[in-house]
Amino acid sequence: MAYDRDLSFVYFGPTKIVFGAGTARDVDMEMAGLGCRRALVVTDPGVMKAGLVEGVLKALGDRCVGVWSDVPQDTGVGIVNRAAAFAREKGADCVVSVGGGSVIDTGKGICILLTEGGGLENFEGIQLLTRPQTPHIVIPTTAGTGSEVTCMAVILDERKGQKILIVEYFNTPRIAILDPKMTEKLPPLLTVSTGMDAMTHAVEALQSVQREPIADGLAMQAIRLLHRDLPVCAENGADLAARGQTQLAATMAGWAFGNAMVGLVHAMAHSLGAIARVPHGIANGILLPHVMAFNLDDAAEGYAMVAEALGVRERGMDEREAAEAAITAIRSFLERIGHPLRLSEVGVTDEDIAKSAALSLSDGAIVNNPRPVLDEEEVIAVYRAAF
Amino acid sequence: MAKYNAMTQEWLDAWKEKIATSKEYREIAKNWEGSVSMIVNPDPEKGIPEPIYLFMDFWHGDVLEIALCDKAKAESAKFVMSGDYARWKQVAKKEVDSTKALMQGKLKLKGDLTYIVRNIKTVNKVIDLLCEIEAIWPDEA
Ligand SMILES: [Fe+2]
């Protein structure tokens, strides 16, 4: 594999992983290992209703000093500020997040405010903090975001009507507990769409201008596991072995993109989320093969690795042929797992496309795309191809 | 070409002149609004005994100000970037990419990253013009 001879990068991935069915019940021991005694549990109403928090609360016993379950699908600065005030009032010394991306990002925000004080609106920025933040234990209930191991949080500033990005090495979760039982009840569409979010993280890490060998290795294995086990999960959600492998894949893809970053698929999916409320994973899944086709000339090497991981790189294929095979394989994978294939199927309109294209150009992910994107028309063309 | 001592007002004046006379910059930066400051952390062994504060102000293709300043003024900028002397030198010599350096924690940014991304061509152009200036660095003098 060819990397620049003067390759230089930083790889950061300090989160401890605890894996296995039933390990969510070990949360109290893990917490004690961090020297913490008073946990705030952060979650959302859906996760509560699914009964996923009970076991965690039981394990924590009186080490849980409060539960904050008021987290919407897209969390906001106001919510984090209120939750942090509640945590402070209860004297919390650590945060346990039980949920998906929005819950985890809320937990990340609370950790900063418990350490630094003030309101979250003052922390928009990159690597501003100078000391370790409040310990954070994450128990994901989806296998997709990878947020359990990244140092990034995306949180809506309700006053500005705009999402703010907080990137802080010092605020990376200390422990991620990957318990397959926590994803067992996830319905098929949510299973495949969150899985395609993870797949997209891995593919975009492999094509990124910041790709490097450690992230590449993690991304390759994430693709292999998702390719093998996501269809199994879609078919039979109760297959805990397959659930576990997709959780691990999502976490590995999280490390991959947390270091190598994502690209145009994410820029376009973020915009569709903001404008047309298309769920993140679904937007990613639909757009992925189309963006790959757009990037082909500039990312053949990375896509050839995708082909290898998907098992479609045949002997004698050159890099470009392998890259093309990868695109075809992603398309058929989407069909096989019953993922939506077109933006028109999920309610996107012409008007949404025009607005989303403009917004995509200011998304942080776009600077890491292998093919430079500077023109709105190019983005519109990709949306149209996926329409 | 004249050589300038890096991190001095003469060096900043040369940079300002380059930006002000660049037609390309004027075109690329026609939408940019606002100030940027750079904070260079002290590194006594490399000839930087105290922090250095630089303030730059740009407006719709014009460069209004590039000057050494005090801490308070630097912290008042729309975007505040800070980092070690050695990192800034790498940026000014184009040895590292500034956006990568931000994401990897080599530089810090206070402010709205999406604005920077939306105007990444402007940012890159300003840095390119800085790279064109031949400089003598404090630790190389
Ligand atoms: Fe994602």
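Each residue is numbered by its place in its chain's sequence as written, counting from 1. A letter from A marks each chain and a number from 1 marks each ligand, given out in the order of writing. Only residues with pLDDT of 70 or above have their local features reported here, since the model is predicted, and side-chain atom pairs are shown and tallied only from 80 upward, although totals for entire chains, interfaces and linings are computed over all residues. In computing side-chain values, all of the structure's heavy atoms are included and hydrogens and water are not.

(A) Up close: the overall build of chain A. Secondary structure counts use DSSP, requiring at least four H or I residues in a row for a helix and at least two E residues in a row for a strand, with both numbered from the N terminus. Across its full length, chain A holds 13 helices and 9 strands. Along the three orthogonal principal directions, the C-alpha set of chain A runs to about 60 × 45 × 45 Å. For this analysis, residues touch if any pair of their heavy atoms sits within 4.5 Å. Sequence-distant contacts, at least 24 apart, represent 77% of the contacts inside chain A between residues at least 6 apart. Method for areas: the Shrake-Rupley scheme with a 1.4 Å probe, in which residue coverage is limited to the protein chains shown. Accessible surface, chain A as shown: approximately 14,600 Å² in total, 52% of it carbon and sulfur. Charged-residue counts in this description rest on Lys and Arg as positive and Asp and Glu as negative, His and the chain ends being excluded. Note that the charge is assigned to NZ on lysines, CZ on arginines, CG on aspartates and CD on glutamates. In chain A, 33 side chains carry a positive charge and 48 a negative one; their mean positions are 7 Å apart.

(B) Geometry of the nonpolar core. Counting residues in each nonpolar core, the largest one holds 127 residues, and the members touching the most others are Met199(A), Leu287(A) and Trp15(B). Looking at this core, the element that brings in the most residues is helix α10 (residues 280-310) of chain A, giving 18 residues. Summarising the domain contributions, this core has at least three residues from each of domain 1 (16-183) and domain 2 (188-386) of chain A. The residues contacting Leu287(A), other than those within four sequence positions of it, are Val265(A), Met268(A), Ala269(A), Leu272(A), Leu343(A), Tyr383(A) and Ala386(A). Of all hydrophobic cores here, the second largest spans 27 residues; its members include Trp68(A), Val77(A), Ala83(A) and Leu120(A). The criterion is simple. A nonpolar core is a set of buried Ala, Val, Leu, Ile, Met, Phe, Trp, Tyr and Cys residues joined through side-chain atoms within 4.5 Å. Relative accessibility decides the category of a residue: with a 1.4 Å probe and only protein chains considered, values under 20% of the type maximum give buried, values over 50% give exposed, and everything between is partly exposed. Boundaries of every domain are those given by an automatic assignment or by a domain database.

(C) Structural view of the pairing of strand β4 (residues 94-99) of chain A. Residues and elements named next belong to chain A. Here β4 lies mainly inside the structure; 6 of its 6 residues are buried. Side-chain alternation along β4 places Cys-94, Val-96 and Val-98 on one buried face and Val-95, Ser-97 and Gly-99 on a second face that is also buried. Pairing of strand β2 (residues 39-42) with β4, which is carried by 4 bridges, proceeds in the parallel orientation. Counted as the bridge partner of Ala-39 is Cys-94 from β4. Strands pair, by our definition, only if DSSP identifies at least two bridges between them. Two strands pair when backbone bridges link them, and β4 and strand β6 (residues 136-140) are joined in this way by 5 bridges, in the parallel orientation. Paired with Val-98 across the bridge in β6 is Ile-139.

(D) The environment of Asn41(B), seen in detail. All names here are of chain B. With respect to the helices and strands, the residue Asn-41 is situated in strand β2 (residues 33-41). Take Asn-41: its relative accessible area is 27%, and that puts it in the partly exposed class. Put simply, Asn-41 and Gly-83 are 42 residues apart on the chain and 5.9 Å apart in space, counted from C-alpha to C-alpha. Contacts of Asn-41, omitting those with residues within four sequence positions, involve Ile-48, Gly-83, Asp-84 and Tyr-85.

(E) Looking closely at the coordination of the iron ion. Residue and element names in this part refer to chain A. Here a donor is an N, O or S atom found within 2.8 Å of the metal, or within 3.2 Å if the metal is Na, K or Ca; sites may look incomplete because water is not among the atoms. The iron ion binds to the protein through Asp-197 (OD), His-201 (NE2), His-266 (NE2) and His-280 (NE2); the donor distances cover 2.1 to 2.2 Å. Working rule for geometry: tetrahedral if four donors all subtend angles between 85 and 135 degrees; square planar for four, octahedral for six, if opposite donors exceed 155 degrees and the others stay between 65 and 115; irregular in every other situation. Of note is the iron ion, whose 4 donor atoms meet at the metal with angles of 83 to 168° in an arrangement that counts as irregular. Mapped onto the sequence, the donors of the iron ion take the spacing D-x3-H-x64-H-x13-H. Of the two residues, His-201 sits in helix α6 (residues 188-207) while His-266 sits in helix α9 (residues 264-276), which places them 65 residues apart along the sequence. The class of His-201 is buried, set by a relative accessible area of 2%.

(F) Structural view of the side chain of Gln133(A). Residue and element names in this part refer to chain A. When you line up the elements, Gln-133 lands in the loop between β5 (125-126) and β6. Residue class for Gln-133 comes out buried when judged on its relative accessible area of 3%. There is a polar contact of 2.9 Å between the side chain of Gln-133 and the backbone oxygen of Arg-131. For this analysis, a polar contact is any N or O atom pair within 3.5 Å, provided that within protein one partner can donate a hydrogen and the other can accept it, and provided that sequence-adjacent residues contribute only side-chain to side-chain pairs.

(G) Layout of the sheet that holds strand β6 (residues 107-110) of chain B. Within the open sheet, the 8 strands sit side by side as β7(A)-β8(A)-β5(A)-β6(B)-β5(B)-β2(B)-β3(B)-β4(B). Their pairing is mixed. Both outer strands of the open sheet, β7 (152-157) of chain A together with β4 (62-68) of chain B, are each paired with one neighbouring strand and no more. Packing of helix α5 (residues 101-116) of chain A onto the sheet brings it into contact with β7 and β8 (162-167) of chain A, and relative to β7(A) it is tilted by some 90°. Axes here refer to lines fitted to C-alpha atoms; in helices the fit is confined to the stretch in contact. Angles between the N-to-C directions go from 0 to 180 degrees.

(H) Main features of the pattern of salt bridges. Residues and elements named next belong to chain A. Basic side-chain nitrogens of Lys or Arg form a salt bridge, by our definition, when they fall within 4 Å of a carboxyl oxygen of Asp or Glu. A complete count under the given rule lists 27 salt bridges over all chains for this structure. With a shortest N-O distance of 3.0 Å, Glu-116 and Arg-131 are connected by a salt bridge. Of this pair, Glu-116 sits in helix α5 while Arg-131 sits in the loop between β5 and β6; the two residues are 15 residues apart in sequence, bridging distant segments of the chain. Residue class for Glu-116 comes out partly exposed when judged on its relative accessible area of 28%. For Arg-131, a relative accessible area of 39% puts it in the partly exposed group.

(I) Just the interface of chain A and chain B, in detail. Contacts between the two partners involve 24 residues from chain A and, on the opposite side, 18 residues from chain B. Buried area counts how much accessible surface, traced with a 1.4 Å probe, disappears from two parts once they are put together, with both parts' losses summed. Taken over both partners, the interface formed by chain A and chain B buries close to 1,900 Å², and the fraction arising from carbon and sulfur atoms is 60%. Ranking the residues of chain A by area buried against chain B places Ile126(A), Gln210(A) and Ser362(A) at the top, with a combined share of 27%. On inspection of chain A and its partner chain B, the count reaches 0 salt bridges. Of all the secondary structure elements, the ones that give two or more residues to the side of chain A that touches chain B are β5 and β8 of chain A. Sort the elements by how many residues they give to the side of chain A that touches chain B and β8(A) lands first, with 3 residues. As defined by bridge partners, β5(A) adjoins β6(B) across 2 bridges and the pair is classed as antiparallel. Looking at β6(B), one finds that Ile126(A) is bridged to Leu109(B).

(J) Structural view of the pairing of β6(A). Residue and element names in this part refer to chain A. Counting buried residues along β6, 5 of its 5 residues qualify, which places the element largely inside the surrounding structure. Neither face of β6 is open: one carries His-136, Val-138 and Pro-140, the other Ile-137 and Ile-139, and all of them are buried. Bridge count between β6 and strand β9 (residues 175-178): 2 bridges; the pairing is parallel. Among the inter-strand pairings, Ile-137 is bridged to a residue of β9, identified as Ile-175.

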